[in-house]
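Observations on the model geometry
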Amino acid sequence: MPRMIYDYTKSVLERVSFDPLLFMKELRKAIKNLLPYELEQLTKWLRYFTSEKPELQQCLILIKDN
């Protein structure tokens with residue numbers, strides 16, 4: 001079941017990636033709801049996903065703070 005939450009989180013983040021503020025808001029929710037190992041996976045995925053989107057790279061700071 002938790003795996004579904006991780007996949008859903010990625011899906012939401014992809015859909016809101018057009019707006020950095022909304023992306024950051026959804027990322028904060030994800031940080032609260034995901035398990036530690038899922039958060040590690042999300043961090044790896046975020047590094048890849050934001051590599052071509054410099055406007056979203058500032059959001060990686062949220063992950064580093066946790």
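Scroll up to find the structure this text is about.
The present account deals with the structure reproduced in this document. (Residues numbered from 1 in each chain as written. Predicted model: local features only at pLDDT ≥ 70, side-chain atom pairs only at ≥ 80, totals over all residues. Heavy atoms only, no water.)

**Digging into the pattern of salt bridges**
Using the criterion set out here, one finds 1 salt bridge in the structure. With a shortest N-O distance of 3.3 Å, K29 and E26 are connected by a salt bridge. Placement of both K29 and E26 in helix α2 (residues 20-33) is noted, with a separation of 3 residues, approximately one turn of the helix. Residue K29 is classed as partly exposed on the basis of its relative accessible area of 39%. Of the residues examined, E26 reaches a relative accessible area of 17% and is grouped as buried. (Salt bridge = Lys/Arg side-chain N within 4 Å of Asp/Glu carboxyl O. Helix = DSSP H or I, 4+ residues; strand = E, 2+ residues; numbered from the N terminus. Buried < 20%, exposed > 50% of the residue type's maximum accessible area, 1.4 Å probe, protein only.)

**Things to note about the nonpolar core**
Ranked by internal contacts, the top residues of the largest apolar core, which has 19 residues, are L13, F23, L27, L42, W45 and L46. Those elements giving two or more residues to this core turn out to be α1 (2-15), α2, α3 (36-50) and α4 (60-64). Those residues in contact with F23 that lie beyond four places of it in its chain are L13, V16, S17, L46, F49, L56 and C59. (Core = buried A, V, L, I, M, F, W, Y, C linked by side-chain atoms within 4.5 Å. Contact = heavy atoms within 4.5 Å.)

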